[in-house]
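# Coordinate inspection notes
Listed below, chain by chain, are the residues.
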Amino acid sequence: MRGFLEYGVKDSTRLTISTLIGLFSLSSFAFIYWDISSLIESSASTFHSSWASLEFLILWRFTCCIAGAFAVVHMFKSGPGVMVVILHDKRKETTLYPVGIEKLVTFSSWTLLLNIMYFFVAGILSLSVLNGTQTPSWLNTMLVLLFSAALGASLLTATVVRYIILPGEVRIDRNHDQMFNYPNQMMHNFAAIFLILEVIFVQPELSPYFAFFGLVLGTFYSFFAYIFAFYGGGYYIYSFIDPRLHYGPLWLTGLAGAIGLFYLGVWCGLQLIAYNFWIGTIVFMLWLSLIVQFRTTLTDPVNNSGSVR
């Protein structure tokens, strides 16, 4: 694994950037070729019909939005955070203690912000439907875009935290209590839980082509991370995101592709729900149980080396 996170003889930045531009171009081509805009329009109308009442959906969506917003407020008010980062100039790992808006540079925080925006937009549109008001097409488009991207991002985040980040902290015996505070619980666990419950409540009609929105999100975050490292904070939140790495193009392609793949997993689950509601629901609940982690006393799920705290 370590060999994949090493720098080669040549700087891979140009190749990595070219790869990301290629991924974005591929997504743009797919959007036009498969007329994804029309698929979005037909999908948006299915977000407000449910076996639950519209009043319940409105209350549910604004509750999820407020819970996420409180997490962001808590992040800003709780003092310095803890980040283990890779310095851009020295190419070495160090621990920083970010405050304020600098806490929002992680992919996890982007996941939380996507959740907040989705539930806010969905709540507003549900209110419009309840009042018989015509909803603007651009807002319907934003609804589907946010939902598709947030689904893949939240499930990927929960999985990576559960099976990579937390076991890594356990193995090196580093204090990781901050991983279980309220904002981190929202980013790593409840973002995925809220969206999967939304899927079960609403059962929207989605297209597998919406997975391309995950590719777009991955490329956007990668470009942001590069700009931040080169011209802003001077560090990378994640070691694999440095574009100069020998396997940089593969790592970033993997990030973008993983978001799309997790979305496709949800799409498959929706097909199962359409076949049998209870079987599909049980599958989603089992999936969630495998990727969320609430306890501060952990057993390494990779090698079962035992509890450390």
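Just above, that's the structure.
Summary of the structure given here. (Residues numbered from 1 in each chain as written. Predicted model: local features only at pLDDT ≥ 70, side-chain atom pairs only at ≥ 80, totals over all residues. Heavy atoms only, no water.)

### What to know about the environment of Gly254
By the element assignment, Gly254 lies in helix α8 (residues 248-275). For the pair Gly254 and Gly123, spaced 131 residues apart in sequence, the C-alpha to C-alpha distance is 33 Å. (Helix = DSSP H or I, 4+ residues; strand = E, 2+ residues; numbered from the N terminus.)

### Some words on empty space enclosed by the protein
According to the stated counting rule, one finds three cavities of 30 Å³ or more in the structure shown. Considered as a void within the structure, the largest cavity measures approximately 60 Å³ in volume. Lining the largest cavity we find 13 residues, and of these Val161, Leu166, His188, Asn189 and Gln293 sit closest to its centre. Elements represented by at least two residues in the lining of the largest cavity include exactly α5 (137-171) and α6 (182-202). Approximately 40 Å³ is the volume attributed to the second largest cavity. Lining the second largest cavity are Val105, Tyr221, Phe224, Ala225, Phe228, Tyr235, Tyr236 and Ile237. Mapped onto the lining of the second largest cavity, the elements with two or more residues apiece are α7 (212-231) and β3 (235-236). In terms of residue count, α7 provides more of the lining of the second largest cavity than any other element does, four residues in total. (1 Å grid on protein atoms, 1.4 Å probe; cavity = no way out; pocket = protein on both sides within 12 Å on 5 of 7 lines; lining within 4 Å. Points joined across faces, edges and corners; volume = space filled by probe spheres on them.)

### What to know about the state of the cysteines
In the structure shown here, the tally under the stated rule is zero disulfides. Cys65 supplies the cysteine sulfur nearest to Cys64, a cysteine that is in no disulfide, at a spacing of 8.8 Å. Relative accessible area serves as the criterion here: at 8%, Cys65 is assigned to the buried category. (Disulfide = S-S within 2.5 Å. Buried < 20%, exposed > 50% of the residue type's maximum accessible area, 1.4 Å probe, protein only.)

### Considerations on the layout of surface pockets
Of the pockets and cavities examined, the second largest pocket occupies roughly 310 Å³. Around the second largest pocket, the lining comprises 14 residues; the ones closest to its centre are Leu145, Phe213, Val216, Leu217 and Phe220. Elements supplying a minimum of two residues to the lining of the second largest pocket: α1 (13-33), α4 (107-130), α5 and α7. No other element matches the five residues that α7 contributes to the lining of the second largest pocket.

### Some details on the side chain of Asn189
In this structure, Asn189 sits in helix α6. A polar atom in the side chain of Asn189 sits 2.9 Å from the backbone oxygen of Gln293. If near-sequence neighbours (up to four positions away) are discounted, Asn189 is found in contact with Asn184, Val292, Gln293 and Phe294. (Polar contact = N/O pair within 3.5 Å; in protein donor to acceptor, adjacent residues only side chain to side chain. Contact = heavy atoms within 4.5 Å.)

### Looking at the packing of aromatic side chains
According to the stated counting rule, one finds 31 aromatic pairs in the structure shown. With a centroid separation of 5.4 Å and an interplanar angle of 85°, the aromatic rings of Tyr33 and Trp34 are classed as edge-to-face. The class for Tyr33 is exposed, based on a relative accessible area of 57%. A cation sits over an aromatic face here: Arg162 above Tyr163, 5.2 Å from the ring centre. (Phe/Tyr/Trp six-rings, centres within 6.5 Å; stacked < 30°, edge-to-face > 60°. Lys NZ or Arg CZ within 6 Å of the ring centre and 35° of its normal.)

### With respect to the sheet that holds strand β2 (residues 93-96)
Across a sheet, paired strands are connected by hydrogen bonds in the backbone, their directions being either parallel or antiparallel. Here we have three strands laid out as an open sheet, ordered β2-β1-β3, and antiparallel in their pairing. The open sheet terminates on both sides in strands that have one partner only, identified here as β2 and β3. Of the pairings in the sheet, the one linking strand β1 (residues 83-87) to β3 comprises two bridges and is antiparallel in character. Residue pairing for β3: Ile86 is matched across the bridge by Tyr236. (Pairing = 2+ DSSP bridges.)

### Here's the deal with the pattern of salt bridges
Going through the model one piece at a time under the given rule, you end up with two salt bridges. Its salt-bridge partner being Arg61, residue Glu198 comes within 2.7 Å of it at the nearest N-O pair. With Glu198 in helix α6 and Arg61 in helix α3 (residues 54-77), this residue pair connects regions lying 137 residues apart in the sequence. Just as Glu198 is buried, Arg61 falls in that class too. For Asp242, the salt bridge goes to Arg244, with nearest N and O atoms at 2.8 Å. Each member of the pair, Asp242 together with Arg244, is buried. (Salt bridge = Lys/Arg side-chain N within 4 Å of Asp/Glu carboxyl O.)

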